[in-house]
Amino acid sequence: QRQMCIRDRYGIVQHFVEAAEKLAEEGKAAEEEFLKANFEDSVPQLEDLSDKGYARANGMLFWAYYFGYEDYPSDPQKALEYAKKGSDVADPICGLLYAAYSDISQAEKLEQLRELRPQVRKMADANDSLARLILGVCYFHDQQYEDAQKHLDQYEKAGGVLAYEMLGLMQQYIPVSYTHLTLPTTSRV
């Protein structure tokens, strides 16, 4: 009977491991499509993955709904709900987005930014394209334009098409004192 119990537990654990691996594979495929700006295919997949508990999907859904594209009009409230959902399960990218874009207190915002930026920066340094993109977006939001350009340039050099949109926004909105930044003149997406 004890052997049966151990075997049953092993089977249950094995089932969860296989399910987690499958979820990670699906997440990686959806992320690749998202980072190519293929929102038509990736956003429904990411919504499904978010519902299944894949926290990283929420950061991409934040992007899609905050900035809006094609069939996904801008919906900042929905975007923040996705960022909070990922933040609540300790996803550092979602936590950083939530800290930067939500209306939490300034003290809480600063505390989270101090904690999460180094984590996301470490991910970006390890060639995580989504982390590079999100760092650029958060620095842009915080009006730290040189840091934003640095991370967006790294993302773009790695083949990231979404950076071009953010660099284009920077060109439209940054103060004249930052005209030394090398910003694009047209959009590719």
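Details of the structure are given in the entry above.
Presented here is a report on the structure given in the accompanying data block.

Cut-offs used in this document
Residues numbered from 1 in each chain as written. Predicted model: local features only at pLDDT ≥ 70, side-chain atom pairs only at ≥ 80, totals over all residues. Heavy atoms only, no water. Helix = DSSP H or I, 4+ residues; strand = E, 2+ residues; numbered from the N terminus. Areas by Shrake-Rupley, 256 points an atom, 1.4 Å probe, with all protein chains shown as cover. Phe/Tyr/Trp six-rings, centres within 6.5 Å; stacked < 30°, edge-to-face > 60°. Lys NZ or Arg CZ within 6 Å of the ring centre and 35° of its normal. Axes fitted to C-alpha atoms, helices over the stretch in contact; angles between N-to-C directions. Parallel < 35°, antiparallel > 145°, perpendicular 65-115°, else oblique. Left-handed = near helix turned anticlockwise from the far one by under 90°. Contact = heavy atoms within 4.5 Å. Nonpolar A, V, L, I, M, F, W, Y, C, P; charged D, E, K, R; others polar. Buried < 20%, exposed > 50% of the residue type's maximum accessible area, 1.4 Å probe, protein only. Polar contact = N/O pair within 3.5 Å; in protein donor to acceptor, adjacent residues only side chain to side chain. Salt bridge = Lys/Arg side-chain N within 4 Å of Asp/Glu carboxyl O.

1. Things to note about the overall build of the chain
And step 1. Counting its regular elements, the chain contains nine helices and zero strands.
And step 2. Start at the N end of the chain and walk to the C end: the helices and strands fall as α-α-α-α-α-α-α-α-α.
And step 3. Accessible surface, the chain as shown: approximately 10,600 Å² in total, 50% of it carbon and sulfur.

2. Describing the packing of aromatic side chains
And step 1. Within this structure, the stated rule accounts for eight aromatic pairs.
And step 2. The interplanar angle of 70° and the centroid separation of 4.7 Å between the aromatic rings of Tyr66 and Tyr101 together place this pair among those described as edge-to-face. Placement of the pair is Tyr66 in helix H3 (residues 56-67) and Tyr101 in helix H5 (residues 92-101), with a sequence separation of 35 residues.
And step 3. Its guanidinium or amino end placed over the ring of Tyr98, Lys84 lies 5.7 Å from that ring's centre, counting from NZ or CZ.

3. Focus on the packing of helix H6 (residues 106-125) against helix H7 (residues 129-141)
And step 1. Close contact between H6 and H7 brings their axes to 8 Å; oriented N to C, the two are set at 140°. In terms of their interaxial angle, H6 and H7 are classed as oblique. As H6 packs across H7, the resulting crossing turns out to be left-handed. Residues Arg117, Val120, Arg121, Met123 and Ala124 of H6 form the contact with H7, whose own contacting residues are Ala131, Arg132, Leu135, Cys138 and Tyr139.
And step 2. For the contact of H6 with H7, the per-class residue count stands at seven nonpolar, no polar and three charged.

4. Examining the side chain of Ser42
And step 1. Within the secondary structure layout, Ser42 lies in helix H2 (residues 39-51).
And step 2. Using a relative accessible area of 0% as the deciding quantity, one classes Ser42 as buried.
And step 3. Within the structure, the side chain of Ser42 is placed 2.8 Å from the backbone oxygen of Asn38, a separation counted as a polar contact.
And step 4. What Ser42 contacts, discounting residues up to four positions off in sequence, is Ala30, Glu33 and Phe34.

5. Topic: the pattern of salt bridges
And step 1. This model, assessed by the stated rule, comprises ten salt bridges.
And step 2. Between Glu33 and Lys36 there is a salt bridge whose closest N-O contact spans 3.5 Å.
And step 3. Among the salt bridges present, the one from Asp88 reaches Lys84, with a minimum N-O distance of 2.9 Å. Of this pair, Asp88 and Lys84 both sit in helix H4 (residues 76-88), four residues apart, which is roughly one turn of that helix.
And step 4. The network of salt bridges with common partners includes Lys22, Glu26, Asp48 and Lys52.

6. Some details on the side chain of Ser50
And step 1. Along the polypeptide, Ser50 turns up in helix H2.
And step 2. Residue classification places Ser50 among the buried positions, given a relative accessible area of 2%.
And step 3. A distance of 2.6 Å separates a polar atom in the side chain of Ser50 from a polar atom in the side chain of Asn58.

Just geometry here; none of it tells us what the structure is for.
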